[in-house]
Amino acid sequence: MGFKCGIVGLPNVGKSTLFNALTRTAAAQAANYPFCTIEPNVGEVPVPDERLDKIASIAGSKATIATRLTFVDIAGLVRGASKGEGLGNQLLANIREVDAIAHVLRCFEDPDITHVEGGIDPVRDADVVETELMLADLESLEKRVLPIEKKARSGDKEAKAALMLMEKALVLLRDGRAARVAEISDDERSAWDGLNLLTSKPVLYVCNVEESASATGNAFSAAVQAKAEADGAGAVIISAAIEAELSQLDDADQNEYLADLDLEEPGLNRLIRAGYELLGLLTYFTAGPKETRAWTIPEGTKAPAAAGVIHTDFERGFIRAQTIAYNDYVTLGGENAAKETGKARDEGKEYVVKDGDVLLFKFNV
């Protein structure tokens, strides 16, 4: 079960520098000219979670395996992308393939780094990209709606339901609003997601600031955070330049560098966690002498489907799941103590897994 977060933005805002730091590779070339990233680069990164080591220590595990999140570095969009300007058509197709958008915004001044819009205004930049995505969605829906209307008039129930959702999106887009603000019921969610609209994807604004603003942000990032709050989006402050430096250091030197900057942790940790939350994901754990491992599932996942993330046989032959809440596992000192105190519960097929659950699946195939 893979979850992809696409890194988008205008050219020269720090997307590839950020991606390189995320993956600790030079897979994405970073250069001071537009379109230096053409094919999307893909990297998997571990999700930082201090709970993993605590559980492993108690379980006496020989190894720990973090859950992972995929980031996709997508080339810079420009005005007119929805009409094919720059690498528009290709980039929009790349964005359709991700589950959420990390929108990098340049929030620093530097006369040596060109800006395609001629000046620094991250809110304007956000609006430029959002407008191109809305125009692309509008064009896509207007092409698709005519044949759906014909089917709906013939009495096709699925077509009628799809048409209602398409019209809901069209009203928003024609009003200059993103599809993600639409009110969609749980029953409509699957069909809505099937429309695969660019502006229905959740967005996280990544404020790329100068080194001196990495801890507190600046006026540019404050404006972005205000926009994010108004849009119902997320926002994180990060310095891609600092993260690039950190990615080249060992743990001891990293800690010293962070302390000098009055930072508690790398900004990438916040970015990864924010991306994880943006996708509506949670983590459960399995623990034993061999390994403690974190697993990713969407919020609301029931126990059999959670078991299926490990192996399809676990879901097919699911019997029950021994469940220990993380706080109980750590406070009591592990599985045996949890059993003795009645904190290890057997849950059935309707149990909705909670973040931090330590699970042991019983199955038969």
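See the structure above.
This text gives an overview of the structure that appears in the document.

**Quick notes on helix α7 (residues 219–231)**
Now for step 1: Look at α7: 19 Å from first C-alpha to last across 13 residues, which is about the 18 Å you get at 1.5 Å a residue.
Now for step 2: Along α7, the positions that sit buried rather than exposed are Ser221, Val224, Lys227 and Ala228. With its buried residues spanning 115° around the axis, α7 presents them on a single face. Structural note: α7 exposes Ala219, Glu229 and Ala230 on the side pointing more than 90 degrees away from its buried face.
Now for step 3: Buried positions along α7 lie against β5 (100–106), α4 (122–153), β6 (203–208) and β7 (234–238).
Now for step 4: Immediately downstream of α7, the backbone of Gly232 shows phi near 70°, a positive value.

**Looking at the layout of surface pockets**
Now for step 1: When its volume is computed, the largest pocket comes out at roughly 670 Å³.
Now for step 2: Along the walls of the largest pocket sit 28 residues, with Arg24, Pro48, Gln254, Pro266 and Asn269 positioned nearest its centre.
Now for step 3: Those elements that provide at least two residues to the lining of the largest pocket are α1 (15–23), β2 (41–46), α2 (50–59), α8 (240–246), α9 (251–260) and α10 (267–278).
Now for step 4: Of the residues assigned to the lining of the largest pocket, the class counts are 14 nonpolar, five polar and nine charged.

**Some remarks on the pattern of salt bridges**
Now for step 1: Evaluation of the coordinates by the stated rule reveals 19 salt bridges.
Now for step 2: Among the ionic pairs, Arg96 bridges to Asp137, the shortest N-O distance being 3.8 Å. A residue pair is termed long-range when its members are at least 10 positions apart, and Arg96 in helix α3 (residues 88–96) and Asp137 in helix α4 qualify at 41 residues.
Now for step 3: Sharing partners across several salt bridges, the network here consists of Asp49, Arg51 and Asp355.

**Some thoughts on the sheet that holds strand β4 (residues 68–73)**
Now for step 1: One open sheet holds the six strands; their spatial order is β2-β4-β1-β5-β6-β7, and the pairing between them is mixed. For this open sheet the edge positions go to β2 and β7, each flanked by a neighbour on one side alone. Each neighbouring strand pair of the sheet contributes to a mean axis angle of 25°, computed without reference to strand direction.
Now for step 2: The pairing of β5 with β6 spans six bridges and is parallel. Bridging from a neighbouring strand, Ala102 pairs with Leu204 of β6.
Now for step 3: In this fold α1 packs onto β1 (4–8), β2, β4, β5, β6 and β7, with an angle of close to 45° to the strand it touches most, β2.

The rules we used
- Per chain, residue numbering runs from 1 following the sequence as it is written.
- Local features in a predicted model are, by the rule used here, given only for residues with pLDDT of at least 70; side-chain atom pairs are given and counted only at 80 or more, and totals for whole chains, interfaces and linings are based on all residues.
- Water and hydrogen atoms play no part in the side-chain values, which are based on all heavy atoms of the structure.
- Where helices and strands are cited, they refer to DSSP runs of H or I of at least four residues and of E of at least two residues respectively, numbered from the N terminus.
- Multiplying 1.5 Å by the residue count of a helix minus one yields the expected span of that helix.
- Exposure categories follow from relative accessible area, calculated using a 1.4 Å probe and restricted to protein chains: below 20% of the type maximum is buried, above 50% is exposed, and the middle band is partly exposed.
- The arc in question is the one traced by the directions running from the helix axis out to the C-beta atoms.
- Working rule for contacts: check all heavy atoms of both residues, and any pair within 4.5 Å makes them a contact.
- Think of a 1 Å grid over the protein atoms and nothing else: a 1.4 Å probe that fits but is trapped marks a cavity, an open set flanked by protein within 12 Å on at least five of seven lines marks a pocket, and residues with an atom within 4 Å of a point count as lining.
- Grid points are joined across faces, edges and corners, and a volume is the space filled by probe spheres set on the points.
- Polar here means any residue outside two lists: the nonpolar Ala, Val, Leu, Ile, Met, Phe, Trp, Tyr, Cys and Pro, and the charged Asp, Glu, Lys and Arg; Gly therefore counts as polar.
- The rule for a salt bridge is simple: a side-chain nitrogen of Lys or Arg has to be within 4 Å of a carboxyl oxygen of Asp or Glu.
- Here a strand pair is declared whenever DSSP counts at least two bridges between the two strands.
- Comment: axis = line fitted to C-alpha atoms, over the contacting stretch for helices; angle = value between 0 and 180 degrees taken between N-to-C directions.

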